[in-house]
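Coordinate analysis (summary)
Here's the letter readout for the chains.
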Amino acid sequence: MGEFDSDYSLIHRLDPRTKLILVVAITLMCTIINNIFLLLSIGAGLIILLTFSKTLKRVSALLGFFLIFAAAAISLTAIITRDINYALEYFSPFLARFFIIICAGLLFAFTTPPQRFAQSLQQMRIPTSITFTLGITLRYIPTLAREAESIFQSLKLRGVHLSKWDYIRRPSMIYRGIIIPLIIRSIKLSDEIAIAAESRAFKSNKSRSSLKKLTIGKNDVLFLGIMIITMGLVFYLDNNPVFPF
Amino acid sequence: MTNPALQITNLNFKYPHQENFALKNINLTIKRGEFVFLTGKSGCGKSTLARCLNGTLPQILGGEIDGKIQVLDKNTRENSVSDLAQNLGFIFQNPESQFFTVKVEDEVAFGPENLGWESNKISKNVDEALNAVDMLENRDMNVFNLSEGQKQRIAVAANLSLQPEILVMDEPTSNLDPPGAYKLFEILKRLKNQKKTIILIDHRTHHALPLADRVLIMDKGKIIKDDEPEILYDAHTRESYGIRNPRVLDENYQAPEYQIVKQNPVLDISRLSYSYDNGFSIQDINLQIYPGEVVGLVGSNGSGKTTLAKVLSGILKPQKGTLNWEREDSTFKVGMVFQNPDHQLFMDSVYNELNFGLEEVPGAQLNIGPVLKSMNLEKLQKRHPHSLSGGEKQRTLISAFLVREPHLLIMDEPTTGMDYYHMQRLVYEIKRLKKRNMGIMIISHDLEFLQQTTQRVIILSQGKIIQEGPTGDILSQDKLDTCFEGYQSLSIK
Amino acid sequence: MNKNSTGRFTTRDLSFIGIIIALMYIVQTITILGISALTPIDPLKSIVSAFFVSIVIAIGLSKVKKIGTFTIIGLINGIICGFILPAFLPLLPATLLGGIAADGFTKIFFGEYGSRNSLLGACGVGKFIETLVILTFPFILGFSTNILSPMIIIVSAVIVALLGAGGGFIGYRISVELKKAGAME
């Protein structure tokens, strides 16, 4: 979970709820749209947004990996069937949709600090019990990662070097050596967290206020407006093809 | 208002699935504005009592309770832990497990947010609370980038933002280095002057003594002494109840003559350097450790002690310099006992723990029997390591290294959270370990413990050795004042 | 989730569930890094990690015991998978439905979590449904049934379910061991 600078770009500054709507809407929409050129345009639109949010560089490795996979799938089918058109027709809509969902997800994940996301869920009246638990998970992943590192060091100190084959050959080494010490630590940690939470007036069935309330601003309204118009246009074009293809 | 801050009447408490009472017939009245120091050896019931004060026991962790606890205008029977939060704040040993967010201001705002306060009011309280712990300028910082001492101050602020009149602190300085602990006590002194009622629980007495108005000593679930703080200067009282000396250096200590034969070191370190990506480094370390020698390594947090230990133990690879071992051929060279033994115990019995991974060390299995015997673990060999006490876990872990016949045994802060009684046991065990002709290195802030165990002490500062010599020379008052960054606060009174 | 069923979860339950989900991530990362050298095929990695992750889930279930635990795990895990890492939204319905199915299964057959069979069954059912949903998702995106036949999907889901149940069994054994040692209630 990296550091985020919330003032990095306009997309970063958008309310997480705005971006959440974008991700859900795009994911649902791309399953309905059938025209491959419209699908590719949506993909291109997302690439523009990624560029605009200055995150394209950071996600390029992941996207590149997907594109290689896509190219491999198409060429393999083309070689087997000896029909490149068939392979393209067969895979393109699926791969294009997959690509859109990945781009939308990455756009959200790379421009939204997890804690801010959790806070936006709280403001969406998701039950406190869920937002609190999500908050704990996000907060303690780095802590437990450090604990895991220290456990690996302890194993090394005892002369136990786990190899990749041990995961299959000796799974007991993995759960004895790693999971048990982590669980022991987790039990103590979670008791202390519960005590700390209630000692600071937390109640799992009560809603909370917040120091800095997230607000839907002008930019959000503008962004959502453009999004709705674009989506409407895409639906219209999907049902009333103006292009010959 | 002359009501007491806290009034406990006929309190008895029993943990779930336990036969014996952990607290027996406690009666106690604490006045408003009083600073009470609650002490006693491990397992005496002091933490249990603390956790009863705001209802954590039995409301969160279970158990059977009997009697009454009145906290200002509320009692723990009719009010939940969260309802009591504005009367009583609770801070404990490990700052890491008290946090819910990653940003300082969000953390301090967590309590007020739970009460549903308006954001202006929250903001004002956050400012005041941060100011009270001298952390206002760190308001926007990430808590992961704070030192342990700063984290603990944020934990205090996170309670102060709810404006409780009473603060209960359970060993708040155990994880802090001397400068960090000193700073925290400076803040406690200010809070005391602001008429907060403070209940501090610890078996280390040095910092608490000047602030305390009253000392309570517990033993076997009972309060057995309720007296003036000066009672802690009485060695007999301290030793009877396992309490540490308020003077960090033992006034009767007589340095033994340094008798180590400086020949054939088990380890010869020359020009060793290691740097992390973030710029922190240890540089140009030259050091020899001789068979049967116990060396102490001191310095404030961030001086490079743990990094040095990790390089010696092979966890980190040295980037420059050499480590020459006397017996280069043997496969196993260093054992290292971490501060928290929970990370290092994997198996389902003490015997299996010693046997863990031994198939790769030829002949080592033959050592298990003798080591179990000499480390006094024979009776415990079938027990589950996680069912043992802290001291027993530590002994099991040391034994798990001893069967591999290490050249060097490193112990990182072995006395954290340890009372006087258990510290003395460890001193005795280390004296016996010396006879095994290996080197022992102890990383510690605990000067009294180092006095009693080491023959030589090394002071590390900013990644370099700045002082080195026989224990008697280094651990003296004038050296404390000049050489130890931030250790001045430990001066003998 | 209605108010009553969330109200039953104490702060202690929730903080433990939160830590358990964090732990699932750590264990998943460790196993995926550990075995990635063995197989370059992504689905295979998650299949092997299903075993280790189920151990962690089973320990969580055996401590909290309450029906609804698996749903909370599935929902939060899904929120993280869908929006944070790997940020692939279709994973949210998969983990959530897996959790609901496991809770439903346990409610009907066992009442609550705790016995060996309840943990083994819940982890198996949870993983089965989760895999089924993930693997049927490509159809929604227009993938042809000629390549990914329903038969392959069912067989893969059964394999993952068996690994999940195996993890549930080990998780049960560990929780018994820790309870005996007094390290867990």
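Everything in this summary refers to the structure shown in the same document.

Residue and element names in this part refer to chain B. A sheet is described by the order of its strands in space; here six strands give the open sequence β15-β16-β17-β13-β18-β19, paired in mixed fashion. Looking along the sheet, the strands with just one partner apiece sit at the ends: β15 (334–337) and β19 (464–470). Neighbour-to-neighbour, the strand axes of this sheet turn through a mean angle of 20°, independent of strand direction. Sheet topology places strand β13 (residues 294–298) next to strand β18 (residues 456–461); four bridges connect them, and they run parallel. Among the inter-strand pairings, Leu 297 is bridged to a residue of β18, identified as Ile 458. The strands touched by helix α13 (residues 390–402) within the sheet are β15 and β16 (408–412), with β15 carrying the most contacts at an inclination of about 170°.

Quick look at a nonpolar patch on the surface now. Among the surface-exposed residues, C:Ile108, C:Phe109 and C:Phe110 lie close enough to one another that they form a single nonpolar patch of about 350 Å² accessible area. Tracing the backbone shows C:Phe110 in the loop between α5 (91–109) and α6 (116–140).

On inspection of all chains with the given rule, the structure shows 40 salt bridges over all chains. Where A:Lys212 meets B:Glu105, a salt bridge forms, and the shortest distance between an N and an O atom there is 2.6 Å. Residue A:Lys212 is found in the loop between α9 (171–199) and α10 (218–239), and its partner B:Glu105 is found in helix α4 (residues 104–114); the two belong to separate chains. The exposure class assigned to B:Glu105 is buried, which follows from its relative accessible area of 1%. A salt bridge links B:Glu105 to B:Arg139, with the shortest nitrogen-to-oxygen separation between them at 2.7 Å.

Moving on, we get to the interface of chain A and chain C. Contact with chain A, which involves 60 residues of that partner, is made by 59 residues of chain C. Between chain A and chain C the total buried area reaches about 5,200 Å² when both faces are included, carbon and sulfur atoms providing 82% of it. The residue A:Asp191 makes a salt bridge to C:Arg12 at a minimum N-O spacing of 2.7 Å. Among the elements of the structure, α2 (16–32), α5 (84–111), α6 (114–123), α7 (128–157), α8 (166–169) and α9 of chain A are those that each provide at least two residues to the side of chain A that touches chain C.

Turning to unusual backbone geometry, a few remarks are in order. Of note, the amide linkage connecting B:Leu57 to B:Pro58 takes the cis form, showing an omega dihedral of 0°. Structurally, B:Pro58 can be placed in helix α2 (residues 56–59). Cis geometry is found at the peptide bond from C:Leu85 to C:Pro86, where omega equals 0°. By secondary structure assignment, the location of C:Pro86 is in the loop between α4 (69–83) and α5. A positive phi angle is found at A:Arg82, which is not glycine, with a value near 55°. Looking at the element boundaries, A:Arg82 is found in the loop between α4 (56–81) and α5.

With that out of the way, let us pick up the packing of α4(A) against α5(A). Residue and element names in this part refer to chain A. Relative orientation of the contacting elements α4 and α5 amounts to 165°, with a least axis distance of 10 Å. Relative to α5, the element α4 lies roughly antiparallel. When you trace α4 past α5, the crossing you get is right-handed. Its residues placed into classes, the contact of α4 with α5 shows 22 nonpolar, two polar and one charged.

Turning next to the interface of chain A and chain B. Counting from both sides, the interface comprises 50 residues of chain A and, opposite them, 71 residues of chain B. Between chain A and chain B the total buried area reaches about 5,100 Å² when both faces are included, carbon and sulfur atoms providing 54% of it. Of all residues in chain A, A:Arg158, A:Arg200 and A:Leu211 give up the largest surface area on contact with chain B, accounting jointly for 20% of the area buried on that side. Joining chain A to chain B, the criterion identifies 30 residue pairs in polar contact (both at pLDDT 80 or more). Elements with a contribution of two residues or more to the side of chain A that touches chain B: α7 and α9 of chain A. Tallying contributions element by element places α9(A) first for the side of chain A that touches chain B, with 17 residues. Its residues assigned to classes, the side of chain A that touches chain B shows 20 nonpolar, twelve polar and 18 charged.

Moving on: the pairing of β15(B). Residues and elements named next belong to chain B. Along β15, one buried face is formed by Val 334 and Met 336 and the opposite face, lined by Gly 335 and Val 337, is buried too. With four bridges connecting them, β15 and β16 associate as parallel partners. Along β16, the bridge assignment pairs Met 336 with Ile 410.

Residues and elements named next belong to chain B. Tracing the backbone shows Asp 419 in the loop between β16 and α14 (420–433). The charged side chain of Asp 419 is buried without a salt bridge, its nearest counter-charge being Lys 46 at 6.3 Å. Within the local environment of Asp 419, its side chain forms a polar contact with the backbone nitrogen of Ser 42, the two atoms lying 2.6 Å apart. One polar contact links the side chain of Asp 419 to the main-chain amide nitrogen of His 422, over a distance of 2.7 Å. Residues within four places of Asp 419 in sequence aside, it is in contact with Lys 41, Ser 42, His 203, Gly 242 and Arg 244.

Residues and elements named next belong to chain B. Compared with the 20 Å implied by 1.5 Å per residue over 14 residues, the 20 Å span of α14 between its first and last C-alpha is a close match. Of the residues making up α14, those classed as buried are Tyr 420, Met 423, Leu 426, Val 427, Glu 429, Ile 430 and Leu 433. As for α14, its buried residues are in contact with α9 (235–241), β13, α13, β16, β17 (439–443) and α15 (447–453). Sitting at the amino-terminal end of α14 is Asp 419, which places a side-chain oxygen 3.1 Å from the backbone nitrogen of Tyr 421.

All right, on to the pairing of β16(B) then. Side-chain positions along a regular strand alternate between the two faces of the sheet. Residue and element names in this part refer to chain B. Within β16, five of the five residues are buried, which leaves it mostly tucked inside the rest of the structure. Burial along β16 is two-sided: Leu 408, Ile 410 and Asp 412 facing one way and Leu 409 and Met 411 facing the other are all buried. In the sheet, β16 pairs with β17 via five bridges, with the strands oriented parallel. Bridge pairing in β17 links Asp 412 to Ile 443.

Our focus in this paragraph is the sheet that holds strand β8 (residues 197–201) of chain B. For sheets, the rule is that strands pair by backbone hydrogen bonds, running either parallel or antiparallel. Residues and elements named next belong to chain B. Strand order in the open sheet formed by six strands is β6-β7-β8-β3-β9-β10, and the pairing between neighbours is mixed. Bordering the open sheet on either side are β6 (88–92) and β10 (222–227), each of which pairs with just one other strand. Neighbour to neighbour, the strand axes of the sheet diverge by 20° on average, direction disregarded. As defined by bridge partners, strand β7 (residues 166–170) adjoins β8 across five bridges and the pair is classed as parallel.

Scoring rules and cut-offs
- All residue numbers refer to positions counted from 1 along the written sequence of the respective chain.
- Written order determines the labels here, with chains lettered from A and ligands numbered from 1.
- Since the coordinates come from a predicted model, pLDDT governs what is reported: local features require at least 70, and pairs of side-chain atoms require 80 or more to be given and counted, while whole-chain, interface and lining totals use all residues.
- Side-chain numbers come from the whole structure's heavy atoms, not from hydrogens or water.
- For two strands to be treated as a pair, DSSP must find at least two bridges joining them.
- Strands are runs of DSSP state E lasting at least two residues, helices are runs of H or I lasting at least four, and both sets are numbered from the N terminus onward.
- Here the axes come from fitting lines to C-alpha atoms, over the contacting stretch only for helices, and the angles between their N-to-C directions go from 0 to 180 degrees.
- Only heavy atoms enter the contact rule, under which two residues are in contact if any of them lie within 4.5 Å.
- Any residue with relative accessible area above 30% and no salt bridge may belong to a patch, with like charges joined within 9 Å and the nonpolar Val, Leu, Ile, Met, Phe, Trp and Tyr side chains within 5 Å.
- Reported accessibility uses the Shrake-Rupley method at a 1.4 Å probe radius. Residues are deemed covered only where the shown protein chains occlude them.
- Basic side-chain nitrogens of Lys or Arg form a salt bridge, by our definition, when they fall within 4 Å of a carboxyl oxygen of Asp or Glu.
- Whether a residue is buried, partly exposed or exposed follows from its accessible area with a 1.4 Å probe, protein chains only, as a fraction of its type maximum: under 20%, in between, or over 50%, in that order.
- Two parts placed together each lose some accessible area; with a 1.4 Å probe, that loss summed over both constitutes the buried area.
- Each angle receives one of four descriptions, namely roughly parallel if under 35 degrees, roughly antiparallel if over 145, roughly perpendicular if within 65 to 115, and oblique otherwise.
- In this scheme the handedness of a crossing depends on how the near helix is turned from the far one: anticlockwise by less than a right angle means left-handed, clockwise means right-handed.
- Only Asp, Glu, Lys and Arg are considered charged in this grouping, and only Ala, Val, Leu, Ile, Met, Phe, Trp, Tyr, Cys and Pro are considered nonpolar; every other residue, Gly among them, is considered polar.
- Counting of polar contacts relies on pairs of N or O atoms within 3.5 Å, with two restrictions inside protein: one atom must be capable of donating a hydrogen and the other of accepting it, and residues adjacent in sequence are counted only when both atoms are side-chain atoms.
- We count Lys and Arg on the positive side and Asp and Glu on the negative side, and we leave His and both chain ends out.
- The span one expects for a helix is its residue count, reduced by one, times 1.5 Å.

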